[in-house]
Amino acid sequence: MNRKWKSLYKLPALAAIFSLALAACSSGGDGNTTAPTPQEPATGGKMPTINVAYMPDMNGATPIVVGEEKGFFKEAGINVNAVKFLSGPPEFQAMASGDIDIAYIGPGATFLAAQGKGHIINIVSLGKSDMVFATKKSGIQEWKDLKGKTVGVPKGTSGEMVLNLGLEKAGLKPEDVNIINMDVAGAVSAYVANKVDAVAIWSPYTLEIEKQVGKENMVKLGDNSDFFPEYVFPASWVVNPKFLEKNPELVEKFMQAIAKTTDYKIANKDEVIKMTADFTQVPEESLRLQLDSLDWLDNQKVADAFQDGTAKKWYENLEKLFVQNGNMPEVVPADKFLMTEPFIKATSK
């Protein structure tokens, strides 16, 4: 791995990620464990810099490390200033303040894009890595047993969406359950310490729980796949609307580079698992298991979904869940926040 890249962006060990995020939560922070260093697009012949938010997993981190190590960002004529986040809502806060230009988000933060706080410009994957686990000690065996129990979940995430779908399936409402808003670190710690009866989070944090308590002490209630095909959970690239308006050519260049990372990662999965593990300090085993729980979309599949209306259906169905959960008052037509032009232009050249 390039020494300069590694020294600039190498992440702490997973345990440190958990402890730092927990500290951010307890002090009223937003869970962002790497302070952004915003860079203005360069002029005078220098390559412009784009501030990009990522998450330390196979969806969010892999394109960043592949794009840098394989020279795809450089080929596109851009520099990327990568900033680590652990969930989507803080990324949107950073975009609103102008610190972030483009971000990777999971399905759960899509409602913020639908509210006009970001434009979705690419689909990374369809996932089933969001899961709800009960502790063995709780006595919970199925969704209906959650009534009156305490569940830890990062609010505004896809984990919360799966939890609410499970409750609906059992004829329960969110108010029938004691739902506590926690960041991922707090949810892991609370589950391991038996301070909650269940958690709703995602891989690789579910794998961290399994390591600490043992699979035999976890009761899986369900994941995203239980609600297919009615509900599909796309992870996305989203752009700051102001940045897109001012710098459409830079967004297109970023999409050009990301399209190349997509081709490369799909063709070289073993290699990119190792690269991502080195970059994030998340064990290869955890990342490999995470990869098993998602479906990376190649560029043609994304283009097809954008052009035939499939992507609109995916996002509008997600919005229905957000309306049910109270995150949105009504479903917004997906073409209001789904901006396909940068990707289509970038991949048609």
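The structure under discussion appears in the preceding block.
What comes next concerns the included structure. Predicted, not measured: the structure shown is a model, and the values here were computed from it.

What counts as what
- Residues numbered from 1 in each chain as written.
- Predicted model: local features only at pLDDT ≥ 70, side-chain atom pairs only at ≥ 80, totals over all residues.
- Heavy atoms only, no water.
- Pairing = 2+ DSSP bridges.
- Helix = DSSP H or I, 4+ residues; strand = E, 2+ residues; numbered from the N terminus.
- Axes fitted to C-alpha atoms, helices over the stretch in contact; angles between N-to-C directions.
- Contact = heavy atoms within 4.5 Å.
- Buried < 20%, exposed > 50% of the residue type's maximum accessible area, 1.4 Å probe, protein only.
- Core = buried A, V, L, I, M, F, W, Y, C linked by side-chain atoms within 4.5 Å.
- 1 Å grid on protein atoms, 1.4 Å probe; cavity = no way out; pocket = protein on both sides within 12 Å on 5 of 7 lines; lining within 4 Å.
- Points joined across faces, edges and corners; volume = space filled by probe spheres on them.
- Nonpolar A, V, L, I, M, F, W, Y, C, P; charged D, E, K, R; others polar.
- Parallel < 35°, antiparallel > 145°, perpendicular 65-115°, else oblique.

## Regarding the sheet that holds strand β7 (residues 178–181)
- Spatially, five strands are ordered β7-β6-β8-β5-β9 in an open sheet, and the strand pairing comes out mixed. A strand with exactly one partner marks an edge of an open sheet, and here the two such strands are β7 and β9 (218–223). The sheet shows a mean angle of 25° between the axes of neighbouring strands, direction not considered.
- Sheet topology note: the strand β6 (residues 150–153)/β7 ladder contains four bridges and is parallel. Looking at the pairing, V151 lines up with I179 of β7.
- Where helix α7 (residues 158–169) meets the sheet, it contacts β5 (130–135), β6, β7, β8 (198–202) and β9, and its direction lies at approximately 65° from that of β5.

## Description of the sheet that holds strand β4 (residues 119–127)
- On the basis of which strands lie adjacent, the open sheet formed by six strands has the order β2-β1-β3-β10-β4-β11 and mixed pairing. Edge strands, defined here as strands with exactly one partner in the open sheet, are β2 (79–84) and β11 (294–296). On average, each strand axis in the sheet is tilted by 25° relative to the strand beside it, whichever way the strands run.
- Where strand β1 (residues 49–54) and β2 come together, six bridges link them in parallel fashion.

## Re helix α9 (residues 205–213)
- Every buried residue of α9 is listed here: Y205, T206, L207, E208, I209 and V213.
- One or two residues past the end of α9 sits G214, with phi positive at roughly 90°.

## What to know about the nonpolar core
- Grouped together as the largest cluster of nonpolar side chains are 98 residues, with contacts concentrated most on I64, L146, L163, W237 and F254.
- With seven residues, helix α11 (residues 248–267) is the largest single contributor of residues to this core.
- In terms of nonpolar packing, the next biggest core, distinct from the first, is built from 17 residues, V188, V196, V213 and M218 among them.

## Concerning empty space enclosed by the protein
- Under the definition given, this model contains three cavities of 30 Å³ or more.
- Here the largest cavity defines a volume of roughly 260 Å³.
- Lining the largest cavity are 26 residues, with Y104, G106, P107, D130 and S158 sitting closest to its centre.
- If you list the elements that add at least two residues to the lining of the largest cavity, you get α5 (88–96) and β4.
- Take the lining of the largest cavity: its biggest share by element is three residues, from β4.
- A per-class count over the lining of the largest cavity returns eleven nonpolar, 13 polar and two charged.

## Quick look at the side chain of E252
- Topologically, E252 is positioned in helix α11.
- On the basis of relative accessible area, E252 is assigned to the buried category, the value being 10%.
- The residues contacting E252, other than those within four sequence positions of it, are P342, K345, A346 and K349.

## Considering the packing of helix α3 (residues 62–69) against α11
- As a packed pair, α3 and α11 sit with axes 9 Å apart at the nearest point and diverge in direction by 100°. Taken together, the axis directions place α3 and α11 in an arrangement best described as roughly perpendicular. Residue-level contacts link T62, P63, V66 and G67 of α3 to I258, T261, Y264 and K265 of α11.
- Looking at the contact of α3 with α11, its residues break down into four nonpolar, three polar and one charged.

Distances and angles like these do not, on their own, reveal function.
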